[in-house]
Amino acid sequence: MLNIPLMSNNITEDDKRVLADFILHSDRFTNGPKVREFEKAWSEWLGVKYSLFVNSGSSANFITMAAVREMKGAGEVILSPIGWSSDVAAAMTAGFTPVFADVDLDTFAMNEDAVIGSITDRTKAVLLTHVLGHDGMSDRVRAVCRDRGIVLVEDVCESHGALHGGAKCGSIGDVSNFSFYYAHHMSTIEGGMICTNDADMYRTFRMFRSHGLLRECDDKAYAEQVTTEYPELHPEFIFMLPGYNMRSTELNAVIGLNQLKRLDSNIEKRQANYRIFLSQLDPELYFTDFREEGSSNYAFIVLLREAHTGLFPKLVEALRKENVEFRRGTAGGGDLVRQPFVRKAYPEIRPELLPHAEYIHKYGLYTGNYPDLREEQILALCELLNGIKE
Ligand SMILES: Cc1ncc(COP(=O)(O)O)c(C=O)c1O
């Protein structure tokens with residue numbers, strides 16, 4: 001049996017030792033100086049001015065969409081059917097109408113013509129998801145968003161380190177979201193980050209993270225101005241926004257700081273694994289012509305070619321038999337418009353109008369790629385996949 005899990009050893013002995021040491025020698029564990037330190041280090045790594053540590057990638061999505069709604073008002077958000085449920089849920093709960101644009105098969109990211117063709121006077125944001133490590137950025141979409149005052153949000157939750165034109169994905173749009181969930185490029189056990197260069201947005205994110213409280217905003221001049229407008233309120237308790245509590249803790253930040261030290265070398269290892277995988281996979285049977293430039297692979301994509309789609313049940317059976325852990329579709333389970341919460345809210349959305357998302361949903365899956373994976377495991381996996389026959 002091959003016995004390949006989706007992820008292994010993501011929280012190392014060293015992480016545990018650093019965490020234990022921190023616990024023994026500290027007495028402040030809630031959001032504090034370590035969170036600040038991690039946010040600063042993350043901003044430096046990414047190349048942005050501001051980062052805000054939250055308790056998950058989904059929380060990053062929810063705060064981002066709530067802030068966009070606050071700043072831009074109601075309207076439509078263009079997003080991908082291939083992403084994660086919270087991309088859609090965040091847009092919906094912020095009061096936006098989601099508009100889905102189909103994806104390209106070489107990146108699994110939204111097709112730029114489909115995005116541009118979906119823009120209307122009601123469009124407030126484009127939520128662009130970088131899928132499984134691919135660079136999904138489009139210069140044309142970016143330029144149109146800039147010209148029309150549309151907020152460009154990058155969801156980089158599963159693509160840390162992907163590059164677009166030499167810049168890190170997540171530093172290009174107006175705001176970006178990262179996840180540090182267990183199997184991702186780096187982990188804080190649970191955690192996420194919201195990043196931006198825009199001071200006004202950052203101020204709004206900070207307040208949304210902590211109950212909508214003015215005192216969290218980190219902008220003294222603004223806080224003083226607002227405080228004088230509400231003389232009847234106690235300055236410590238001015239709730240400016242319908243906020244959440246989505247803070248993380250010092251403990252998670254300590255792990256994040258330690259993990260950040262090996263993020264770049266881990267990304268290199270994942271990329272090297274991915275190159276071996278793609279070079280060994282049978283290109284007649286599977287798609288292997290994904291856009292590699294700028295990619296920071298998250299997982300091995302197994303997508304059957306049109307002529308062999310009938311093999312999908314055998315593929316699933318073979319992986320199960322060898323105890324190779326996998327997920328069908330993509331990280332979000334494939335075509336999100338098929339999910340009950342979307343269908344219930346928008347019964348008029350027809351999956352067949354998103355043929356590539358449907359194709360990935362039906363004939364795609366992924367297996368784990370992580371630094372500890374050994375070359376012989378990758379070769380054995382490819383042998384198994386290539387051996388699946390009619
Ligand atoms: C694209 C994308 N967005 C958002 C999330 C949510 O992140 P989290 O699991 O940290 O809430 C994920 C989760 O894996 C994801 O892949």
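The coordinates are above.
Residues numbered from 1 in each chain as written. Predicted model: local features only at pLDDT ≥ 70, side-chain atom pairs only at ≥ 80, totals over all residues. Heavy atoms only, no water.

K.L.:
Could you clarify how one ought to interpret unusual backbone geometry in this entry?
P.N.:
Outside of glycine, negative phi angles account for most residues, and trans bonds account for most peptide bonds. One non-glycine residue with positive phi stands out, namely N3, at about 50 degrees. Relative accessible area serves as the criterion here: at 38%, N3 is assigned to the partly exposed category. (Buried < 20%, exposed > 50% of the residue type's maximum accessible area, 1.4 Å probe, protein only.)

K.L.:
When you look at the sheet that holds strand β1 (residues 50-54) in this model, what are you seeing that I'm missing?
P.N.:
Sheet strands pair via backbone hydrogen bonds, and the direction of the pair is either parallel or antiparallel. Sheet architecture is open: 7 strands sit in the order β1-β9-β8-β5-β4-β2-β3, paired in mixed fashion. Of all the strands in the sheet, the pair left with one neighbour each is β1 and β3 (97-100). Taking the axes of each pair of neighbouring strands and ignoring which way they run, one obtains an average angle of 20 degrees across the sheet. On the sheet, helix α2 (residues 33-46) packs against β1, β8 (175-179) and β9 (192-196) and is oriented at approximately 130 degrees with respect to β1. (Pairing = 2+ DSSP bridges. Helix = DSSP H or I, 4+ residues; strand = E, 2+ residues; numbered from the N terminus. Axes fitted to C-alpha atoms, helices over the stretch in contact; angles between N-to-C directions. Contact = heavy atoms within 4.5 Å.)

K.L.:
What should I look at first to understand the packing of aromatic side chains in this one?
P.N.:
Within a pair of aromatic rings, the relevant descriptors are the distance that separates the centres and the angle that separates the planes. Evaluation of the coordinates by the stated rule reveals 17 aromatic pairs. Plain terms: the ring middles of F277 and F300 are 4.2 Å apart, the flat faces sit at 5 degrees to each other, and that makes the pair stacked. Here F300 lies in strand β10 (residues 299-303) and F277 lies in helix α9 (residues 250-280), a separation of 23 residues in the sequence. Both residues of the pair, F277 and F300, belong to the buried class. Cluster of aromatic residues (ring-pair linked, three or more members): F38, W42, W45, F53, F178 and F180. Above the plane of the ring of W45 lies K168, whose end atom (NZ or CZ) is 4.2 Å from the centre. (Phe/Tyr/Trp six-rings, centres within 6.5 Å; stacked < 30°, edge-to-face > 60°. Lys NZ or Arg CZ within 6 Å of the ring centre and 35° of its normal.)

K.L.:
Where do I start with the site of the ligand in this structure?
P.N.:
By nearness alone, 15 residues border the ligand, and G57, S58, D155, E158 and S179 come closest of all. The separation between an oxygen atom of the ligand and a polar side-chain atom of S58 is 2.6 Å. Within the side chain of D155, a nitrogen or oxygen atom sits 2.7 Å from a nitrogen atom of the ligand. Across the complex, the protein chains shield 92% of the 390 Å² of accessible surface that the ligand would expose by itself. When residues of the shell around the ligand are traced back to their parent elements, those giving at least two are α3 (57-72) and α4 (85-93). Per-element tally for the shell around the ligand: the top contributor is α3, with 3 residues. Partitioning the shell around the ligand into residue classes produces 3 nonpolar, 9 polar and 3 charged. (Near = heavy atom within 4 Å. Polar contact = N/O pair within 3.5 Å; in protein donor to acceptor, adjacent residues only side chain to side chain. Areas by Shrake-Rupley, 256 points an atom, 1.4 Å probe, with all protein chains shown as cover. Nonpolar A, V, L, I, M, F, W, Y, C, P; charged D, E, K, R; others polar.)

K.L.:
Explain the sheet that holds strand β12 (residues 364-368) here, please?
P.N.:
Across the sheet, which stays open at both edges, the 3 strands sit in the order β10-β12-β11 with antiparallel pairing between neighbours. Here the strands that pair on one side only, and so sit at the sheet edges, are β10 and β11 (326-328). Adjacent strand axes in the sheet meet at a mean angle of 25 degrees when their direction is disregarded. Relative to β12, β10 runs antiparallel, the two being bridged by 5 bridges. Its bridge partner being in β12, I301 is matched across the sheet by Y366. The sheet contacts of helix α12 (residues 355-363) involve β10 and β12, and relative to β12 the element is tilted by about 60 degrees.

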